[in-house]
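Architecture and fold: a report
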Amino acid sequence: EAELARLEREREERQVRSNKGARQRDLEDLEAAELAAASSMTVARGIDDRHLEALRMAEIRPDDPMAAHAWKKREEESAGTDGGPSAARPTYKGPQAKPNRYGLRPGYRWDGIERGNGFEDRVLEKLHSKGHKREEAYRWSSADM
């Protein structure tokens with residue numbers, strides 16, 4: 001009876017494990033390893049704790065002048081390792097596309113022909129003309145100062 005219960009538990013664990021993708025399994029294993037490592041650490045950490053220092057150095061702070069460089073370096077390091085979404089993807093290399101209100105770049109298969117009805121152009125024109133009108137009104141109001 002105990003043998004049957006053990007076999008049933010193993011079968012359920014295999015089923016749960018097979019329902020996840022390779023990336024999720026890897027992340028789960030990594031998290032389990034981190035928890036195991038954390039359980040062996042002391043609660044009070046000293047100044048000479050290498051692991052804590054590495055974590056602090058790896059953190060990218062928003063007010064850091066080198067943050068852009070650090071992000072770029074991290075992207076390059078992770079680009080080829082996991083093959084996930086951060087891996088290098090093809091980009092559009094044709095002529096410059098017209099701007100859009102969301103700042104999206106065209107897909108790499110785009111042939112450069114704009115097939116829109118001009119709505120995006122009108123929206124952007126209205127947006128820029130509002131700012132221009134506001135600026136002109138300010139200039140006129142403060143011209144005689």
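The coordinates are above.
**Looking at the packing of aromatic side chains**
In the structure shown here, the tally under the stated rule is 1 aromatic pair. Aromatic pair tyrosine 92 and tryptophan 110: ring centres 5.2 Å apart, planes at 55°, arrangement tilted. Taken together, the residues tyrosine 92 in the loop between α4 (67–79) and α5 (119–141) and tryptophan 110 in the loop between α4 and α5 connect sequence positions 18 residues apart. Owing to a relative accessible area of 18%, tyrosine 92 belongs among the buried residues under this scheme. For tryptophan 110, a relative accessible area of 28% gives the class partly exposed. Over the aromatic face of tryptophan 71 sits the side chain of arginine 74, whose NZ or CZ is 5.5 Å from the ring centroid.

**Details of the pattern of salt bridges**
Using the criterion set out here, one finds 10 salt bridges in the structure. In this structure, arginine 6 and glutamate 3 form a salt bridge, with 2.3 Å as the shortest nitrogen-oxygen distance. Here arginine 6 pairs with glutamate 3, and both are found in helix α1 (residues 2–18), just 3 residues apart, close to one helical turn. Across the pair arginine 139 and glutamate 135 runs a salt bridge, and its minimum N-O distance is 2.6 Å. Of this pair, arginine 139 and glutamate 135 both sit in helix α5, separated by 4 residues, roughly a single helical turn. The exposure class assigned to arginine 139 is partly exposed, which follows from its relative accessible area of 46%. The network of salt bridges with common partners includes Glu3, Arg6 and Glu10.

**Brief notes about the layout of surface pockets**
Any empty space left between the atoms is revealed when a probe the size of a water molecule rolls over them. Within this model, the largest pocket holds a volume of roughly 570 Å³. Lining of the largest pocket is provided by 26 residues; of these, Ala97, Lys98, Asn100, Leu104 and Pro106 occupy positions nearest its centre. By residue class, the composition of the lining of the largest pocket is 11 nonpolar, 9 polar and 6 charged. The space that makes up the second largest pocket amounts to roughly 210 Å³. Lining of the second largest pocket is provided by Met57, Ala58, Glu59, Ile60, Arg61, Asp64, Met66, His69, Ala70, Lys73, Arg74 and Glu77.

What counts and what doesn't
Residues numbered from 1 in each chain as written. Predicted model: local features only at pLDDT ≥ 70, side-chain atom pairs only at ≥ 80, totals over all residues. Heavy atoms only, no water. Phe/Tyr/Trp six-rings, centres within 6.5 Å; stacked < 30°, edge-to-face > 60°. Helix = DSSP H or I, 4+ residues; strand = E, 2+ residues; numbered from the N terminus. Buried < 20%, exposed > 50% of the residue type's maximum accessible area, 1.4 Å probe, protein only. Lys NZ or Arg CZ within 6 Å of the ring centre and 35° of its normal. Salt bridge = Lys/Arg side-chain N within 4 Å of Asp/Glu carboxyl O. 1 Å grid on protein atoms, 1.4 Å probe; cavity = no way out; pocket = protein on both sides within 12 Å on 5 of 7 lines; lining within 4 Å. Points joined across faces, edges and corners; volume = space filled by probe spheres on them. Nonpolar A, V, L, I, M, F, W, Y, C, P; charged D, E, K, R; others polar.

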